[in-house]
Amino acid sequence: MKTVHKNKKPQRPGAAQGNFYKPILNAIGPGMNERIQKLRKLSFEAEPSLSIERALIQTEFYKYNYGKYSIPVLRSLNFLEICKQKTIYLGDGELIVGERGPKPKAVPTFPELTCHSVEDFNVLNTREMQRYTISQQDIDIYKNEVIPYWSGKTMRERIFSHVPKEWSSAYEAGLFTEFMEQRAPGHTALDGKIYKCGMVDFKKRIQEEIKKLDFLNDFEATDKKEQLDGMMISCDAVILFAERHADLAEELSLKESDPARIKELQKIAEVCRRVPAKAPRTFYEAIQMYWFVHLGTITELNGWDAMNPGHFDQHLAPFYEKEIAEGTLTRNEAKELLSCFWIKVNNHPAPPKVGITAKESGTYNDFTNINIGGVKQDGSDGVSEVSYIMLEIVEELHLLQPGNSVHVSSKTPDRFLKEACKVIRQGHGYPSIFNPDIYIPEMLRQGKSLEDARQGGCSGCIEVGAFGKEAYILTGYLNVPKIIEITLNNGINPLSGKQVSIETGDPRNFKSYEELYEAFKKQLNYIVNQKILVSNYIDRMFAKYSPATFLSVVIDDCISKGKDYYNSGPRYNTNYIQCTGLGTVTDSLAALKKHVFEDKTVSMDAILNAVSKNFEGEEILRQAILNKTPFYGNDENYADAIALQVYNDLFEVIDGKPNTKGESFHLNMLSTTCHVYFGKVMGATPNGRLAHKSISDGTSPSHGADTNGPSAVIKSLTKIDQVKSGGTLLNQRFLPSLLKRDEDLMKLSHLVRSYFALGGHHIQFNIVDTATLIAAQENPEDYKDLLVRMAGYSDYFNDMNADLQQEVIDRTENESF
Amino acid sequence: MSTGLIFDIKKYAINDGPGIRLTVFFKGCNLSCQWCHNPESMSPKIQKMYNAKKCIGALSCVDNCPNDALKMTSKGIVTDYNSCNLCGKCAEVCPTKAFEMLGATILISDLIKKIDNEAIFFDQSGGGVTFSGGEPLMHSNYLLEALKECGKRMYHRVVDTTAFASLETVLEVAKNTELFLIDLKVMNSEKHKEFTGVSNEKILSNITELAKTDCEIIFRIPLIKGVNTSEDNIRETASFMNSLEGNRKMINLLPYHSVAENKLVKLGKAADFVEFETPIGNEINNIISQFKSFGITASVGG
């Protein structure tokens, strides 16, 4: 019998493709015109599949060439070979062209980093969530051609064969993850240089640097020469890649009968002959320029978090304004081109992982995040007409990718924030909102110049970086609640019974809360050091064996330093450790502090016993903890002070630890969806959370812990000095009834302004859908924060009786805006 | 220092005046509207609420009640109000908050601290503090003190009232208030008395005097079919508004909602629930256009 998995916990509305949005009613689906509707439909409906083409080209290339060249030259020639041989796709009606795979949503593999097994493919091909299809024939070819060559030689295998035992046991216990075990360190956003220089210009600069090399006095000159040679070849590779699109467009134009399409194909050919070889002159060329650079980067290697254009509206605005003034472009044409770009990004699901994680649900999201608004390099307001066009596209297309965020400084006009709030109200979960007035100081604190910081922003999820000038490597998530768990078990992972960390004493013997906290700090320090040990090792592995010669062309100052993106070539080199679960940690510590050490209503032994048996038979104790503990997120100092202490200690332990590039590690409070995985590897926690349930995300309160409304949450979060991090995150759930009237939208925007005035980094609103409300009925304690506000009446969803809840659900279902 | 009995303080209140507000709900009302949304606000005494849904049968309330007033039954815990002296022990020991005490006296200084905590939201949104209830004018000394403290801090002040108080109180409060939200429940005095327990002459004359001050007034009408949705009542409401000094042309329509039942059950007063009928979309639109024909701007919600 087939098991039906009922997904009780609804996904984030963004992933659910817009739950309140009523798309324009036509047979094809949303979009500004028929072209966009068709392209969107194709992108939306295309099933993600795996393409073995890249792996085959690469394996063949390595077989004959490995050992002949220096590593950077080998890597760039490999990239050139892929650009030369790969299938070029040019779809019907497309204006912006280029796919990483042979067709939309066909994802290549990267066997040099990690090689999928036959078993991996079978899982990916058949699992219910996040499936990637692949034919049996392709699996067989992979098995015979690809797997035998790469077996034992992949980056992943080489890393795992070198990690210390202590690291492995902590890693297997789920105390942290390691990003680079499956993918290359990526996570890159660009600045404006590719709109001013083409590849030909970059080649000239590289050549000049080669000329300047001093082989007599610079002991690194040979290494630099090899790196710069590789960068030259990479420039040629993307030019060739574009030329092949031009050729195909011309070829298609000869076969085409529709005169309008013939003109379009000729235009595509003209654009692809211009960019990326030379700098773009028009809005159209500028978009296509970025897209070729994007494709180059994600074809060369499989960088985590793909690739970001950075402040795309700011880069495009000069082209837009010039052409509008000259009358060579209309607003609608610009919107159509941008819509085409949006759909292109959606055509690129993230490459799937290998190993056990293939069984877990992942995400198709490759985290390209378009920054909209913000401030310009000179500090002035960055909002332009292009920003508004982008918001319209986000609202109309509501695609999973690209992610998008609005950046609201004190200089940002209210109109822009209000338009963004309107999109938020549709319930896609996007855009998220960022505060340049805080993230610029975050970067200044890390040592960036003011101009570089202002050109920076947030890529991927919430992490900040200096766009176009920084390698900010996310090294993995830290499961801070799990560190509490092992502290309470004297270094033993209670789920396996194995010793996974140092001994810090049996907590039953602790006389005070301070003693408990000291033990936690020791554990934290030990685990962070384990993580950094291996991170540093991996960093050197990539620097030596897997340089990103193409990406290095477009990131300052790789050319002038003659060094790779992975080898301290960028102007700034940061390693982040992303800490999760501040809410769960704070609430657990608050519960122990209050009930065990202060009120003494329950002994440490009793609470640990209850936790170890997942509160079975201990519901009264669990309820007392849930209802009588001051939890984080309510603007109450008891818990907020603990959160502040934990945050400051995370900072102390992580910030400033040296990385391999002469710079340092920084703290980041990001979780993405990792808090779900981290919850799965944990037993119950003293805050009343049951075993295997999700922990709290980065810095948001635990689900259901905040019961005093959003303003109290904001006050709690701003008690931590967010400038010391490289990003915090706050997710807030809102019922649609809180955003009914236009006036409510203004109030939402004022709530955002208040958070930012107090020093908040990021906020995101999830407008809850019917599925969430039904889940709230089933698991009330996780949803205590759902506020229902009506004129003259206000209540929490969970405090309402079933009939009233049903009414709220019905209204949520029916209300459209 | 005077005290006032308060049963709730709501943050991020977005329906009680301009901007983001903090709303203070006083306990006790001198009207007894049959449709009242907040029946827990009516009694000027501390009350107890019991939510059977939350009760897990821990029985700590029964075990700890100093007056033996509680009994476990098939429908959950039942309170014998002859023995119960509302000491609050049950709420203190209940692990699930199935018992909650309603109403607490809060020192002005503590109230102001809570209000100050939200100042950033007022500043950013043009919001402020709303005093609602119950009937805030029943606690006029405390209210005035709180209003004056808020005034010193330049917070925008709203009083949400029935205007059923002495004229002197109304005018004194008006000196310390920017905006009044006032219900015009039904214009016919007999009907008013039938449904709210008091006739409306005093209310209307207070409003007439209040309209002579600089205070802003927004009226509200809880729309209840068969009580105040008739053409006559809308016309009389509009002409009363038009008779006032100043520009008093705004009214919010609050369609009736049966939310009170849930709360009455928790108060142990399920029998007091009277169900009324809510006007539907079209009827509401008609009322809006009727108001419009008299030069009054009506909008749903507020």
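Computed from a prediction, not measured in an experiment: that's the story for all the values here.

Visitor: Could you give me a rundown of the overall build of chain A, with the residues and numbers involved?
Guide: What chain A contains, in helices and strands, is 30 helices and 18 strands. Here the C-alpha atoms of chain A give a radius of gyration of 26 Å, agreeing with the 28 Å that 2.2 N^0.38 yields for 817 residues. Its C-alpha atoms give chain A principal-axis dimensions of roughly 80 × 60 × 60 Å. When each of the 817 residues of chain A is scored for burial, the buried share is 58%. For chain A, restricting intrachain contacts to residue pairs at least 6 apart in sequence, the fraction spanning at least 24 positions comes to 77%.

Visitor: I'd love a proper account of the overall build of chain B, names of residues and values included.
Guide: Looking only at helices and strands, chain B has 11 helices and 13 strands in total. Here the C-alpha radius of gyration of chain B, 20 Å, is about what a compact globule of 302 residues would show, namely 19 Å. Residues classed as buried in chain B amount to 46% of the 302 residues present.

Visitor: Describe the pairing of strand 10 (residues 179–183) of chain B, and please don't skip the residues or the numbers.
Guide: All names here are of chain B. Of all 5 residues making up strand 10, 4 are buried, and the element is well covered by its neighbours. Pairing of strand 9 (residues 156–161) with strand 10, which is carried by 4 bridges, proceeds in the parallel orientation. Paired with Val 158 across the bridge in strand 10 is Leu 179. Between the parallel pair strand 9 and strand 10, the chain is carried across by helix 6 (residues 167–174), and the sense of this crossover is right-handed. Relative to strand 11 (residues 216–223), strand 10 is paired through 5 bridges, and the arrangement is parallel. Bridge pairing links Asp 183 to Arg 220 in strand 11.

Visitor: Could you give me a rundown of the sheet that holds strand 2 (residues 21–26) of chain B, with the residues and numbers involved?
Guide: The 9 strands are arranged 7-1-2-8-9-10-11-12-13 (chain B) in an open sheet whose pairing can be described as mixed. Because the sheet does not close on itself, it has two edges, and the strands there are strand 7 (104–105) and strand 13 (297–300) of chain B.

Visitor: Talk me through the interface of chain B and chain A; I want residue IDs and the actual numbers.
Guide: Taken together, the contacts link 28 residues of chain B with 32 residues of chain A. Those elements that place two or more of their residues in the side of chain B that touches chain A are strand 1 (5–13), helix 4 (119–125) and strand 12 (250–255) of chain B. With 4 residues, the single largest contributor to the side of chain B that touches chain A is helix 4 of chain B. The residue inventory of the side of chain B that touches chain A, partitioned by class, reads 10 nonpolar, 14 polar and 4 charged.

Visitor: Outline the domain arrangement of chain B, supporting the account with residue identities and numerical values.
Guide: By the assigned domains, chain B splits into domain 1 (5–42 + 109–300) and domain 2 (47–102). Contact with domain 1 of chain B, which involves 6 residues of that partner, is made by 6 residues of domain 2 of chain B.

Visitor: Could you give an account of the sheet that holds strand 10 (residues 470–479) of chain A, naming the residues involved and the relevant values?
Guide: All names here are of chain A. If you walk across this open sheet you meet the 3 strands as 10-13-14, and the pairing is parallel. Looking at the sheet topology across the chains shown, the edges are occupied by strand 10 and strand 14 (665–668). The mean inter-strand angle of the sheet, taken between neighbouring strand axes irrespective of direction, is 30°. Judged from the 4 bridges that link them, strand 13 (residues 572–580) and strand 14 form a sheet pairing that is parallel. Bridge pairing links Asn 575 to Phe 665 in strand 14. Of the strands in this sheet, strand 10, strand 13 and strand 14 are in contact with helix 19 (residues 513–545), which crosses strand 10 at around 140°. Sheet strands in contact with helix 25 (residues 637–654) are strand 13 and strand 14, and its direction is about 160° off that of strand 14.

Visitor: An account of the confidence of the model for chain B is needed here, citing residue identities and associated values.
Guide: When pLDDT is averaged along chain B, the result is 94; 99% of the residues meet or exceed 70. Complex prediction metrics read pTM 0.93 and ipTM 0.93.

Visitor: An account of the nonpolar core is requested, with residue identities and associated values reported.
Guide: All names here are of chain A. In this structure, Val 238, Ile 287 and Leu 337 are the most contacted members of the largest nonpolar core, which totals 281 residues. Once residues within four sequence positions are removed from consideration, Leu 337 is found in contact with Leu 95, Ile 96, Phe 283, Tyr 284 and Ile 287. Among the nonpolar cores identified, the runner-up in size contains 15 residues, and Leu 50, Ile 52, Leu 124 and Ile 139 belong to it.

Visitor: So what about helix 15 (residues 414–425) of chain A? Which residues, and what values?
Guide: All names here are of chain A. With 12 residues, helix 15 should cover 16 Å at 1.5 Å per step; its first-to-last C-alpha distance of 16 Å lies within 8% of that length. Residues Phe 416, Leu 417, Glu 419, Ala 420, Cys 421, Val 423, Ile 424 and Arg 425 constitute the buried set of helix 15. For helix 15, the secondary structure elements touched by its buried residues are strand 5 (369–373), helix 14 (385–397), strand 6 (403–407), strand 7 (432–434), helix 28 (742–757) and strand 16 (762–767). Directly after helix 15, the chain includes Gly 427, whose backbone phi takes a positive value near 90°.

Visitor: I'd like to hear about helix 5 (residues 140–152) of chain B, residue by residue, with values.
Guide: All names here are of chain B. The terminal C-alpha atoms of helix 5 lie 18 Å apart, and with 13 residues this matches the ideal 18 Å at 1.5 Å per residue to within 8%. Within the span of helix 5, buried status applies to Ser 140, Tyr 142, Leu 143, Ala 146, Leu 147 and Cys 150. Taken end-on, helix 5 shows its buried residues confined to a sector of 155°, consistent with a single buried face. With respect to the buried face of helix 5, the exposed residues turned more than 90 degrees away are Asn 141 and Lys 152. Each element contacted by the buried residues of helix 5 is listed here: helix 3 (108–117), strand 8 (128–132), strand 9 and helix 6. Directly beyond the C-terminal end of helix 5, a positive phi value near 60° is found at Met 154.

Visitor: I'd like to hear about the packing of helix 12 (residues 312–326) of chain A against helix 14 of chain A, residue by residue, with values.
Guide: All names here are of chain A. Direction vectors running N to C along helix 12 and helix 14 enclose 115°, while the axes themselves pass 8 Å from each other. As for the relative orientation of helix 12 and helix 14, their crossing is right-handed in sense. Residue-level contacts link Asp 313, Leu 316, Ala 317 and Tyr 320 of helix 12 to Glu 385, Val 386, Ser 387 and Met 390 of helix 14. In terms of residue class, the contact of helix 12 with helix 14 is built from 5 nonpolar, 1 polar and 2 charged.

Visitor: Quick one: what's the story with the packing of helix 14 of chain A against helix 15 of chain A, residue by residue and with numbers?
Guide: Relative placement of two packed helices is described by the angle separating their axes and the distance separating the axes. Residue and element names in this part refer to chain A. Running from amino to carboxyl end, helix 14 crosses helix 15 at an angle of 10°, the nearest separation of the two axes being 9 Å. Relative to helix 15, the element helix 14 is oriented roughly parallel. Contact residues: Ser 387, Tyr 388, Leu 391, Val 394 and Glu 395 in helix 14; Phe 416, Glu 419, Ala 420 and Val 423 in helix 15. Class assignment of the residues belonging to the contact of helix 14 with helix 15 gives a composition of 6 nonpolar, 1 polar and 2 charged.

Visitor: Tell me about unusual backbone geometry, residues and numbers included.
Guide: Only a minority of non-glycine residues have a phi that is not negative, and only a minority of peptide bonds are not trans. Between Gln401(A) and Pro402(A) the backbone carries a cis peptide bond, its omega angle lying at -5°. With respect to the helices and strands, the residue Pro402(A) is situated in the loop between helix 14 and strand 6. The omega angle of the peptide bond from Gly133(B) to Gly134(B) is 10°, so this bond is cis rather than trans. With respect to the helices and strands, the residue Gly134(B) is situated in the loop between strand 8 and helix 5. The phi dihedral of Lys105(A) is positive, around 65°, even though this residue is not glycine. The topology assignment puts Lys105(A) in the loop between helix 3 (71–85) and strand 2 (106–108). For Ser568(A), which is not glycine, the phi torsion reads 60° and is therefore positive. With respect to the helices and strands, the residue Ser568(A) is situated in the loop between helix 21 (558–561) and strand 13.

Visitor: Could you give an account of the confidence of the model for chain A, with specific residues and numbers?
Guide: Residues and elements named next belong to chain A. The share of residues in chain A with pLDDT of 70 or more is 93%, and the mean pLDDT across the chain is 91. In this model residues 1–23 is a low-confidence stretch, pLDDT under 50, and it forms 45 contacts with partners more than four residues away in sequence or in other chains. Confidence drops under pLDDT 50 across residues 813–817; counting only partners more than four residues distant or on other chains, this segment forms 6 contacts.

Visitor: Any chance you could break down the environment of Leu582(A) for me, citing the residues and the numbers?
Guide: All names here are of chain A. Relative to the assigned elements, Leu 582 resides in helix 22 (residues 582–598). Judged by local crowding, Leu 582 falls into the buried class, with 32 C-beta atoms found within 10 Å. Taking the C-alpha atoms as reference points, Leu 582 and Ser 702, 120 residues apart in sequence, are found 8.4 Å from one another. Ignoring sequence-local partners within four residues, the contact set of Leu 582 consists of Val 480, Ala 643, Val 646, Tyr 647, Met 669, Ser 696, Gly 698 and Thr 699.

Cut-offs and rules
- Residues numbered from 1 in each chain as written.
- Chains lettered and ligands numbered in written order.
- Predicted model: local features only at pLDDT ≥ 70, side-chain atom pairs only at ≥ 80, totals over all residues.
- Helix = DSSP H or I, 4+ residues; strand = E, 2+ residues; numbered from the N terminus.
- Rg over C-alpha atoms; globule rule 2.2 N^0.38 Å.
- Buried ≥ 20, exposed ≤ 12 C-beta atoms within 10 Å, placed from the backbone.
- Contact = placed C-beta atoms within 7 Å.
- Pairing = 2+ DSSP bridges.
- Right-handed = clockwise from strand over helix to strand, strands pointing away.
- Nonpolar A, V, L, I, M, F, W, Y, C, P; charged D, E, K, R; others polar.
- Domains from an automatic or database assignment.
- Axes fitted to C-alpha atoms, helices over the stretch in contact; angles between N-to-C directions.
- pLDDT = per-residue confidence, 0-100.
- Core = buried A, V, L, I, M, F, W, Y, C linked by C-beta atoms within 7 Å.
- Expected span 1.5 Å × (residues − 1).
- Arc of directions from axis to C-beta.
- Left-handed = near helix turned anticlockwise from the far one by under 90°.
- Parallel < 35°, antiparallel > 145°, perpendicular 65-115°, else oblique.

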